[in-house]
Each structure stands twice: as C-alpha cells, then as structure tokens.
2 protein chains.
Amino acid sequence: MKSVSSSQQSKPTLKDVAEAAGVSIMTVSNALHNKPGVKAETRKKVLAVARRMNYSSNPSAKMLRSGRSDIIEVIVGSFDNPFYSRLASALSDEIERNGREALLRETHYDRRGEENALSEPFSLFCDGVIIVTPLLSSEKIKQIALHKPVVLHEMPSDDNVFDTVNLANEDGAADAIRHLHAKGCRNIAVIGSSHLGPEDMLLSLNNPGTLRYRGCFRAFSELGLTMSQDTAFDCGWDAHSGREAAERMLASDIAFDGAFCLTDSVALGVLQTLRRHNIRVPEDFKVIGFDGISMGADVSPALTTIEPDYRETARALVTDLLSRIDGSTAAPRKTIVGYTITERESA
Amino acid sequence: MKSVSSSQQSKPTLKDVAEAAGVSIMTVSNALHNKPGVKAETRKKVLAVARRMNYSSNPSAKMLRSGRSDIIEVIVGSFDNPFYSRLASALSDEIERNGREALLRETHYDRRGEENALSEPFSLFCDGVIIVTPLLSSEKIKQIALHKPVVLHEMPSDDNVFDTVNLANEDGAADAIRHLHAKGCRNIAVIGSSHLGPEDMLLSLNNPGTLRYRGCFRAFSELGLTMSQDTAFDCGWDAHSGREAAERMLASDIAFDGAFCLTDSVALGVLQTLRRHNIRVPEDFKVIGFDGISMGADVSPALTTIEPDYRETARALVTDLLSRIDGSTAAPRKTIVGYTITERESA
DNA sequence: ATGAAAGCGCTAACAC
DNA sequence: GTGTTAGCGCTTTCAT
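Residues numbered from 1 in each chain as written. Chains lettered and ligands numbered in written order. Predicted model: local features only at pLDDT ≥ 70, side-chain atom pairs only at ≥ 80, totals over all residues. Heavy atoms only, no water.

- Chain A is annotated in an unreviewed UniProt entry as LacI family transcriptional regulator of Bifidobacterium amazonense.

A closer look at the overall build of chain A
- Tallying secondary structure elements over chain A gives eleven helices and twelve strands in all.
- Counting only residues that meet the buried cut, chain A has 55% of its 347 residues in that class.
- The contacts of chain A with a sequence gap of at least 6 include a subset with a gap of at least 24, amounting to 70%.
- Here chain A displays about 15,000 Å² of accessible surface, and carbon together with sulfur accounts for 51% of that area. (Helix = DSSP H or I, 4+ residues; strand = E, 2+ residues; numbered from the N terminus. Buried < 20%, exposed > 50% of the residue type's maximum accessible area, 1.4 Å probe, protein only. Contact = heavy atoms within 4.5 Å. Areas by Shrake-Rupley, 256 points an atom, 1.4 Å probe, with all protein chains shown as cover.)

Quick notes on the pairing of strand β2 (residues 101-106) of chain A
- Within β2(A), six of the six residues are buried, which leaves it mostly tucked inside the rest of the structure.
- Residues E101(A), L103(A) and R105(A) line one face of β2(A) and the alternating positions A102(A), L104(A) and E106(A) line the opposite face, and both faces are buried.

Focus: the protein's contact with DNA strand D
- Within the structure, DNA strand D sits among 21 residues, and L14(A), Y55(A), M26(B), T27(B) and R65(B) are positioned closest to it.
- Across the atoms of DNA strand D situated within 4 Å of the protein, the share located in sugar and phosphate is 62%.
- Take S24(B): an N or O atom from its main chain is 2.7 Å from a phosphate oxygen of DNA strand D.
- Going through the elements one at a time, α2 (25-32) and α4 (59-66) of chain A together with α2 (25-32) and α4 (59-66) of chain B are the ones with two or more residues in the surface near DNA strand D.
- Examining the composition of the surface near DNA strand D, we find that three residues originate from one element, α4(A), more than from any other.
- A per-class count over the surface near DNA strand D returns eight nonpolar, nine polar and four charged. (Near = heavy atom within 4 Å. Polar contact = N/O pair within 3.5 Å; in protein donor to acceptor, adjacent residues only side chain to side chain. Nonpolar A, V, L, I, M, F, W, Y, C, P; charged D, E, K, R; others polar.)

Considerations on the sheet that holds strand β7 (residues 232-234) of chain A
Residue and element names in this part refer to chain A.
- Strand order in this open sheet of six strands is β7-β6-β8-β9-β10-β12, and the pairing throughout is mixed. Each having just a single partner strand, β7 and β12 (339-342) make up the two edges of the open sheet. For this sheet, the mean angle separating the axes of adjacent strands, direction not counted, is 15°.
- Of the strand pairs in this sheet, strand β9 (residues 286-290) and strand β10 (residues 304-308) are connected by three bridges, and their pairing is parallel. Bridge pairing in β10 links G289 to T305.
- Relative to β9, helix α7 (residues 169-182) is tilted by about 170°, and along the sheet it contacts β6 (188-192), β8 (258-261), β9, β10 and β12.
- Contacts from helix α8 (residues 208-222) reach β6, β7, β8 and β9 within the one sheet, and its direction differs from that of β6 by about 170°. (Pairing = 2+ DSSP bridges. Axes fitted to C-alpha atoms, helices over the stretch in contact; angles between N-to-C directions.)

Remarks on the protein's contact with DNA strand C
- Within the structure, DNA strand C sits among 22 residues, and S24(A), T27(A), R65(A), L14(B) and Y55(B) are positioned closest to it.
- When the atoms of DNA strand C within 4 Å of the protein are sorted by group, sugar and phosphate make up 67%.
- Between DNA strand C and T27(A), the relevant distance is 2.6 Å, taken from a phosphate oxygen to a side-chain nitrogen or oxygen of the residue.
- A61(B) places a polar main-chain atom, nitrogen or oxygen, 3.5 Å from a base nitrogen of DNA strand C.
- Ranked by residues supplied to the surface near DNA strand C, first place goes to α4(B) with three residues.
- Residues that form the surface near DNA strand C fall into these classes: eight nonpolar, nine polar and five charged.

Quick notes on the packing of helix α1 (residues 14-21) of chain B against α2(B)
All names here are of chain B.
- Contact geometry of α1 with α2 gives a least axis separation of 8 Å together with a crossing angle of 100°. Classified by the angle their axes make, α1 and α2 are roughly perpendicular. Along its contact with α1, which presents L14, K15, V17 and A18, the element α2 presents I25, V28, S29 and L32.
- For the contact of α1 with α2, the per-class residue count stands at six nonpolar, one polar and one charged. (Parallel < 35°, antiparallel > 145°, perpendicular 65-115°, else oblique.)

Take a look at the structure:
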C-alpha cells in the first residue's frame, strides 16, 4: 500500500458516497449517470453528496467492467514536427467533438526494439487507435489491430485491410507545378524525397513521395515541359535537407526560376539558402511547398503551399474509427482529402 | 456485449494462457513478469504459449488491482504551438527514459465549461500529471491535485503548494538586451505582452511576461539606457501580434535599430513586417527572440534566441513528479532552468 | 424506485 | 516452485 501522502486523501468510491448519502451503491451510480428510475429528490441528494466528497469515478474499474473507455489513442511520429502537430491538434478537436477523449503518444523510431515483446508497446485500454506516423512497421500495426480497430493516415493502399485516409498527393503536386507555371516560371525544380514515408513502403508505388513526384510528371508533360534527373533534387523531408538540395540546385547549369518543394519544411530550408545567395523571392525565384503547416503563414517570405484540409482529414479518420468501434465490418474505406492552394508571398 | 467484429478475436486473458500452458494463472503472471520462483523451463513454455496466443495484459485490470498505471499525463495548451510541441516532445522522451508511458492531452480554452462537473475532465488513471498549459484555472489544478500528484511549468510561485519549474525569464530577457547592445544596438525596442501567461495570474508579479519585462528594465539601466512607454510595444504572444506591434514600432519617432521579442513567435511576425518594409536584418535592424522553438533555425533569417534548456526542464518536471508519486512530502521545489543564447542570423 | 449479487482480469498474500 | 483465495471499483442483471 502506498503511504498516505501529503495532500491526497484516498479517493472516495461509489461505496463511500452511497454510505454518506444513505442509499445503495447502485442508486448512486444511476443518479450520477442520469439513468432513469431514480427519484428526482434522491438524485439531487446524491449529486450533492458526491460533489461535496469530490467523488469521481475510477476509470480503470469502469473500463474493466464495461469493456470500453471512450478514449481514442492517436499515435504520431513526433510532436515537434509542424505537420504532425497541426494534424494532432485537429484530431484532438474532432475526437472531443464526438464525445470521446483523445490521448496522444509520440513514437520514436523503434528505439526500444523488441527487448520485451510481451510488454504492451501501446496503451491498450483505448477503444481504437489512429495512426498517423510512418515510424510504425506494418507488422506492429497488425499486432495492434488484433485487439482493437485501427485507422491509418498516409499509408500505401497496397494492402486492403485498414480504413485509410490520404492526402491528395498526386493532384496537389500537379497543381503546385501548374501554379508555378501560371506565375511565369519556366525552369521549375522539384525538391524533395521520392521515398517520403514509412520505411517498409519504400518500394511501394503509393508512398506519398512517389505520388507527389508522379503528380509533377503529369503536370510537366501537360505543360509541355520536361522533368528529368537534372530538374529533380532528391533529399530528405526536413529543412536541413532542403538547404543542401538548394545548394545543389544553385550549382546546376540550369537557371531555375522556381521550385516545388515536396514538404513545407524542405521549402523553409530552400528559402534560407536562397536568401543566403541573395536571391529574391518571389521576384527572382518562386517557391511553393506542400503541407500547409501553420508556421508557413509566419515566415518571411510567407510560404505559398498546397494545404490539405486538416479538418476533413481528422473528420474522416475519426468517423471511420468510430464506425469500426461500433462493429462495422464494411470493406475498408479509402479516403482522399481535399486541399487548397494557399497563396502567400513566396509564389 | 459487443458483437464479434471482423478481425478482432476476443482478447486472451491470463486464464486462457494458463489453461493452454497447463499451469496456474499465477505461474503465468509470475513468468511474464520475470518474478523469481518460476522454473526456467516452465517460464519458457509459458512465454511461448503467451506469445503464440498474442497475449497482452489488460491494463485496466492491472491498474485497478495495483493502484498504479506507470502512465504519466502531460497536459499542454495546444499541440500546434512550436513552444509546447518542443516541450511535449522533450517530456515524452524523458518519461519513457524513466520507464513510464507518456500520455498527452490538449486542453482547449475551457470550451466545455462546467456542463458536467462530475464527469472527470481529465483521465484519472495516470499516476501523476504534468501541467504545461496556462489554460487551466488554478481551481481546476487544485481539483486534479486532490487525487494525484501534480507538477507545474511556468506558473507563478505565489502559492507555494506545487513543485514548479520555470524558465529563467528575468535573466534571459536581460541577456537578450545585453546581446543586442553588444551587437551595437542603441535604440532597442521591447515587443511582447506583459501578461504572457495564465489568465488568473494577470495580476501576479511573477507571470512570465512581467518577469521578462523586469529583466529588460534591469539590463537597460545597467547599460545606461532607458526603457519607457515609447520603447516597449505591448502585444499578444503570437506572430500576428508581432506583425502589428512592429508596424507601431516603425511608425514611432524613434529610429530603432533592434528589438527583443518576448517570444519567438512574436519575433517571426516582426521579421515579416521588417521584410515588407524592406528593412534588412541584421544589417539595418537586429532581432532576438525568446523560447528557442525548433523552427527558429529554419526561418529566414535564422532567429537568434534565448533558448531554454528543454531537456533540463523535462528532467526537472519528471524528477519532481516521480518523487511525489513515490510519496515525497518535502516542501514544494521551485526550479529555474538554464538557457543559452543561441546566436543565428537575426542578431 | 431501489437494492443485492456476480464478476470483469489482474495481483498481493499466503498456503502447499 | 506452484496453486488458492480474496478483492480492487465498477456495471450488468435480476430481485424486490
């Protein structure tokens, strides 16, 4: 037993409240839950006592007995990432709007490895989980899915087992190229990683990076332009990679006048390199990103970007999950969410 | 009962594993937990069976019985805020390093109000909670603290009841001013809110905004400069406020050559306004922020900032909380974490 | 309208 | 080394 600590009185239970109110434990439970079959007067008394005693129900007991927690878990890769943090916020909102609680967890890159395969790698008391990180192997995902419903964000739809919602990677990228062209760019660079996303989907043709590249190809050929090894600069997905890739771009023979960056973070890095080379944006060079991170509005120059509809993303994810929790056995739903071209200063 | 859903087999329990392995339930439990007193051979067999059956323990039952969950809750104001998201990430790390699980929740501005005072506003199954948001009334905090240990980040130390860790607001701000001065600035503006922080600490002399202003005063007088109504520009704590305040600054009679922004977000807004007015940073005007948000390294120009030690912050918060969970009744500990002046391009 | 009993899955304490 | 018993706080079911 834990020793009685400073300020914490041991939590009152239903039984304590029942005794204090002079009724049975079930009457208290029913009163607290607004269940019918409790006299108004009794309910009032019970509520008063419960409040006075600072009663609150023990969620473990409730979950154990009822088998549900009304808690939805969201697993993200890193909180300190502008894309995930915006999505996390939207999900948290949407989950609460549906009367559940949102619990977020950050998954580091399998840091703990398989040291103890039997310890639960994830909290198992929630009713379902929304996975928005690429840092989880599909094997692990399947293991989680053994016990509870799972919905996925930005996963390749190669295996048709989970509800999935994806960004409009291909169309969005194509529109980014068209936007640059409409703004007068004729030598457009594409900067970013073709293998954006989960490790074990590197080979998939449906990973976000590949899809964005594909969208670029389509737009380029529509516009009568060409996209080649010389106009695409492969790099990681963060600002640091963007800085380096921009240096390579600047060192090339081609006089680029604009760049589509596969993520906003890459775009920020590109913007830094351009500034260091005294290249004016948007006058001499235009930049458009992809992701619509909140901070894009606050940087200088403010970033023009393909902004996915976060609200819609969250809504689709939560709707799908709740219907699975309700027992739906329908075929996996594949959703592609819309986006807008948010035009700011950089293009 | 929930109807059997598509892919989810009902979860195996200790009992199931025990039967399958032909041993008692306790032997399974002990084997799984590496407790002594289980023959190596038996343990091996049990582990094999458990793994084959995909057994994982039911956390609700475990918590209910043992009274602890090894879960630590972190309540932040908004995930989509660069300061909180970096701190959230550091806390998540530190909590896992201590063998616990981190669960994060975002608290919106008391949106739900008091509609149902008896429903638990926060998940109550965790062992303790770390509160890093200013959006929680002290009343609500006290209510949470009734049942479990609570530690606070950036709260005024007026009431001496909780362990608290704060930024070095006053010293950091003073150093920001000194840095600007050392870089040659002679007309320094201070931009930010004096009531940065929780609503109900507006009147406190220890709120973060007031402390930062106080640090400025100190440095100004040390340097033989003056700080007045005319050199301090009050505004909110976000980039939008920063943009507006910078316009006011630029419209003033004083020819400012540098600004200390009370937060990095404000600094970003100021940087935007300066760029729109074709004022070069750092050549014509220098900017230093406060917070050390990750993105400060990725914007143009890269932001010079007072960067608190996030790792140390997380460590102090987690250490304090764990010792309370262990039953410590020592006097509340007040920690002020260190910082570094991270010099980049803007100053 | 209210109460009693059973038991969710687990672990602490104690037998064998 | 291994098994048995009791009970954490709650809700479901059924009795009154």
